[in-house]
Structures are given as C-alpha cells and as structure tokens.
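Breakdown of the fold
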Amino acid sequence: MPEQRKSFHQELDEIRDDIVRLGALVSEFIPRGTEVLLSNDMKGAQALIEADDELDALSLRIEEQCYHVLALQQPMASDLRAIVTAVWLTGELERSGDLMVNVAKGARRIYGVTLDPRLRGLIERMSEESARLVKLALDAYSERNASLGVAIDDIDDALDALHGDYIEAIFESHATHDIGLQASVQLALIGRYYERIGDHAVNIGQRVQYMVTGWLPEQTGAARLKARALFETTEHEAIGFTPVVVASSEDEADS
Amino acid sequence: MTPVLPVAIVVAVVTVVVTAVVTRYFSDRRFSVVSKWLGQRLEVDLPPPASGPEAAIAVIDRRLRAIEGGADLARAQVVRLQGALDGLDQAVLVIDGEGPVIDRNRAAEPFIEARHADALVGAAVAELVDAALQSGGATRTLELFGPPRRTVVVSTAPMPTEGGQVVVAVVEDITELRHLESVRTDFVANVSHELRTPVGAMSLLAETLQDAEDPEVVARLTGRIQAEAMRVSATIEDLLELSRLEGEASTEVATIFAADLITEAVDRIRPAADLAQCQLVIDGGPEGLALEGDHRQLLSALTNLVDNAVKYSDPGQSVEVVASASPGMVVLSVTDHGIGIPARDIDRVFERFYRVDQARSRTTGGTGLGLSIVRNVVTNHDGRVEIDSRLGEGSTFRLFFPQVRRVEDGSRGTQQ
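In this report, the structure presented in the accompanying data block is examined. (Residues numbered from 1 in each chain as written. Chains lettered and ligands numbered in written order. Predicted model: local features only at pLDDT ≥ 70, side-chain atom pairs only at ≥ 80, totals over all residues. Heavy atoms only, no water.)

Some details on the packing of aromatic side chains
Given two aromatic rings, one states the distance between the centres and the angle between the planes to describe the pair. Stated precisely, the cut-off is as follows: Between rings of Phe, Tyr and Trp, where Trp is taken as its six-membered ring, a pair exists when centres lie within 6.5 Å; planes separated by under 30 degrees are stacked, by over 60 edge-to-face, and by other angles tilted. Each helix is a run of H or I in the DSSP string that is no shorter than four residues. Each strand is a run of E no shorter than two, and both are numbered from the N terminus. Buried, partly exposed and exposed residues are distinguished by accessible area as a fraction of the type maximum, computed with a 1.4 Å probe on protein chains only: under 20%, between the cut-offs, and over 50%, respectively.
In this structure the tally under the stated criterion is three aromatic pairs over all chains. With 5.4 Å between their ring centres and 70° between their planes, Trp 88 of chain A and Tyr 210 of chain A make a pair best called edge-to-face. With Trp 88 of chain A in helix 3 (residues 77–109) and Tyr 210 of chain A in helix 6 (residues 181–213), this pair connects stretches of sequence that are 122 residues apart. A relative accessible area of 29% means that Trp 88 of chain A is categorised as partly exposed. An angle of 75° between the planes, with centres 5.4 Å apart, marks the rings of Tyr 25 of chain B and Phe 26 of chain B as edge-to-face. Phe 26 of chain B shares its class with Tyr 25 of chain B; the two are exposed.

Shown next as structure tokens:
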C-alpha cells in the first residue's frame, strides 16, 4: 500500500511539472507572437501556428493523466482538488496559447500595414503585461499561494486600462487615415486577444485559490442566492403568508 | 563428621578451574576468529593471537588512520572537482538513466524545479537524456523569448559508470555569442554601406555635373555633392573619434560641474532645437554636483544624446536634460517624448551604425555612431548608461558617473 501511495504522489508531481511546462510554453508564446506581429514576420507566424500543436499535445496528455489518476486512485480532499485544478488549468492555458495563435493569424491579415509608434508601444506593453500575468498565475500555482492567486484579478486592471488606451489609439490612428477600417478591426481584435489572456490568468489565480482553500468566488453568489431564498421564506411566514411555491435555487439561477 | 563440606569445596574449586580453562579456550578461539576476519576486512596482517589484543589493536588503529587519511583526500578531491564545476558558466547535470539528477553544478540550479523559460530548458534536458541513452548523444538549440531573450544549447552524452549508465547534460547560454556574431556581420555590412553610398552619390553627381550647363542645375548638383562630402566626412570624423575613445581612457581629468556640462551641451543644440520647434528644459541638479573626467569627451556624449532627443521629437514636444544625484553617482538624464525605441532594439542601439529605422535615419541625418560614442565615453569614465524607452511615448537615457566629493562652490553649480 505505501508503495502505491508513493507512485500516486509521483503522478501528482508529474502533473504539476507538466502544468508548469505548459504554462512556460504559453508565456513564451506571448512575446514570440508579439514579435511576429510587430516585425511582420510571416515565417515566424507560421512557425508559431505550428508550435501550437506541441501545446495542444501536452495539454491533452496532462488531461488524460488527470483522468487516469481520478479513475484509478480516487483521490480525496486536497489531492482531488489538485487534480480538478490541473484539468481546469490545462483548459485555461491551452486557450491562452490559441489566443496567441490568433494574434499570429491577425498579423498575417494586416501584413504590410504600418503601425504608428504609439500603437506599437501599446502592443508591446499589453504583451508584456499579459505575459507577466500568466507568469504570476503560474507562480501562484507552483507556490500554492492563494493570496497571490486572488490578487491577479486586481493586477489585471493594469492590462484592462492598457487595452482601453489601445482602442483609443486605434481610433486616433484610423481618424488620421494612418490605418484603414479593416486593419483597425483586426488590431482591435488583437488587443482583445491580449486582454483575454489576462482574464485567463485571473481564472487560473482563482482556481489556485480553490486548490489551496477549497473556495471559489462563485460561492459568494451561490451563498447569497441561498440566503435570499431563505429570507423570502421566513419573511412570508412572519406576515402569515405562505407562498404556494418557494423558488428553489436552481429556478432562480435559471431566471 | 561427614566429609560433605570438604567434598563440596573440592567440587567448587574444580568447577571454577574447569570453567576458567574452558572460557579462556573459547575466548582465545573467538579472538583468533575475529582478528582473522578483521585482518581480511582491513587488508592488514594482524599479529598472532598469542601476542595479545594490545598488539592487534595497535595494528588496527594504524590501518584505520590510513583509511581515514584516504577518505579525507577523496573528500578534498570531490570538493575541488565540485568547485571547478561550480566555476563553469555552463550548467552541468549528471542524470541517472531512470530520471533523477545525481549531481549538478551551481549554474544548473535554476533548471531544478524551474518555472517559466527555465522549465522548458529542464524539459529539454529530460527529453535529451532519453535520446542520449538510445543514440549516444543529442543537441538541441532553444530560442527563449523571455524576457530576457536567450539562446540556449542543451547537449547530452551517455557516460558509462560502474553502477550503470548515466547521462551528462550541458546547458550553455550562447546569447552573447550570437549577439557578437550579428554585431560583427552587421558592422561590416553597415560600414561599407555608410561609406560607399555618399561616395557613389558624389561620383554620379559629378558625372551629371560634367554635362550640366544650366547654372541653376550646376548650383543644385554642387550643393548635393557638398552635402554628401560633409556626410562622409562626418562619418569618418566619428569613426576616428570612436577609435580614439576605444584606444585610450580619458587623459585630461578635471572636475566638471554637472550644471555647467548640461548648459554647454544644450547651448550647442539650441539652434537645431529652435529649428525643430523643440523646447529644451534643463535642470542642473543640486548645487556643487560634480563629476571627474575628460571635459571634451563628456560634452560630446551629452551633446550626442540631446541631439538625438531633438531629432526624434515632433514639433512642440519638449526635451528635458536633468542632472541629479543618486548614492555615490551623478546621473545625467536626457528625456524626450518622441517616437521611442522598440523593446527588441534597445540592447542594440549602442552598436556602431545600428539603425532602428533605416528609412527614418536618412531624413534625420546623423552618422549612426553617436550612441557608440556615448557608450565608450561612459565606459572610459567607469560609468554606465541605461535606457528607458517606450514606443510612441519617448525615451530616457541616463548616464551614471561616479560622483566626486561635493565642491562647496555655489557660484558654479547654480540651478539653471
């Protein structure tokens, strides 16, 4: 039996190492994709799109390994949360990688368009900021640091602000006829991809919090809903009125 | 009187004697077995049991001391070898065929339980271990985007040992090497371009001039020839200046007030700044803030920076030239709000003839050597230079020089 537990923990360690590696691939993808975009590097764009396959393969492998552990070891408590978190994280990271592939494809669509220095600077900054968020989220994961995990939501505000500036800069650039409508739309989408990567990092942070503490932000809403239903029931009883149907939490969630 | 007592006494005495003899016999026998075994284990000839345990103990003690001495030597050798490995820039890892890292040097530490880009290096090492065991060695080059951007070569080779097959992995960071290679090739290409273009232009213009009769055309062509000649002469002038700076450290050392230096540099550029409708804002910093060095070199470095700042600013923008003190250092900073430098070019702008934007540099002029001159001046003065730049937002160049003791002379170091 002890032998089996040991191999179980080894499996958990392997899953964690693979998640860290997947995260490293994603955080490398971000500056790489940005360079492709800013230097009009079509060869680099193709290479990045192909490199995403490696990311997909790794995330698939992690997921399979997680299911394998779930099925054969039936982990409990924190071990179970670690596995469930790993499955979630794989999805978040894989999606972030896809977003950088979208940036590379966007770079192909605006090939030949000259961007003014302000737009280029903002793209550089959004790229740095989103890569920083991903790295922080992975730091939180490897250190099992729930406080850092939760903080990423607030740290992400900087990226959201940059995204706002960036959209404004696109409008200005379009207004002065530096870039056409089509390029403007593509650029706005590209900005959105970076911003979404930040959101995925926030999700990772929250999942890390769940892994460590077993708590998710959504639980506040769920508890509020439950309290509201309870309050409505007791209030009606107090005034001597019993409603025929008391809304269940599922009903309310649907509405 | 029955003879019970004497008989009992005799029996007791006999028993004691027999027991003593038997015990002695077995104890001797045991001693001889143990000493034979010890002799074999310690590879030493022990004296015969008859010479007593003291003699045997003395021999065993000598032998143990020799063994301890040997172990100390081996330990010292391990420490020495580990020290030598730790001194290497390359990361060296000795990995068991089964997976775990058995030995590693200091440079390899970042790759153990690594995160981010280092985790990818660690993963590459693990993958190449299998390759080394199967095919006897493997190499992979990793381009890491960081930041910082790095190029890393991972190579593995199997190493047979007594306990089975292990693999040696070496991780080498070749970023600097790659950088130097590109500097060299770019320099050769750029220097020939910078010198050949104006000469080629002059020769063409002169050829056209030969057949030109219209005085207006002649005037325009000679003007162009003059401009090209000036350009090539400026390039040669800067190249000479650069080789002078590289060849020697500052010779004429004097105490220079930061405020004076700033005023002088800004005065030189003011006409160009007025022409570009660029506002120059200066601040000489705390009174008496001074540095030591070659006045001509320092002025040339600061002038180059202010000149660049003005060139890359749009009309109406301001350029700030500020002196300040940081612990033990004088900081001269030049800030513009112009086009800025792309992040990937920041490390390269100090290279000779390096241009961020070839097209724009043609319109702004300049030899492409200004920042190389700045860097050489700073190095000659034991200082350093930092760039803080954002595309579309502007750049700040900071020169750090060792501060000389504050000179109590308010009249010279006044605020500008």
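Comments concerning the interface of chain B and chain A
Put simply, the rule reads: Here, residues are in contact when the closest pair of their heavy atoms is within 4.5 Å. Reported buried area values correspond to the accessible surface (1.4 Å probe) lost by two parts on association, with both partners' losses combined. Salt bridges are identified by distance alone: a Lys or Arg side-chain nitrogen within 4 Å of an Asp or Glu carboxyl oxygen. Under the rule applied, a polar contact is a pair of N or O atoms within 3.5 Å (in protein, one hydrogen donor and one hydrogen acceptor; residues adjacent in sequence only if both atoms are side-chain atoms). Any residue that is not Ala, Val, Leu, Ile, Met, Phe, Trp, Tyr, Cys, Pro, Asp, Glu, Lys or Arg is counted as polar, Gly included; the first ten are nonpolar and the last four charged.
In this complex, chain B contributes 22 residues to the contact, which on the side of chain A involves 22 residues. Interface area, chain B with chain A, both sides summed: about 2100 Å², of which 54% is carbon and sulfur. When the buried area of chain B at its contact with chain A is split by residue, Arg 115, His 116 and Phe 145 of chain B rank highest and sum to 31% of it. One can count six salt bridges joining chain B with chain A. Ionic pairing is found between Arg 21 of chain A and Glu 127 of chain B, a salt bridge with its closest N-O pair at 3.3 Å. Linking chain B to chain A there are 13 residue pairs in polar contact (both at pLDDT 80 or more). Counting residues per element, the side of chain B that touches chain A draws most heavily on helix 3 (residues 116–135) of chain B, which supplies six residues. Class assignment for the residues of the side of chain B that touches chain A results in twelve nonpolar, three polar and seven charged.

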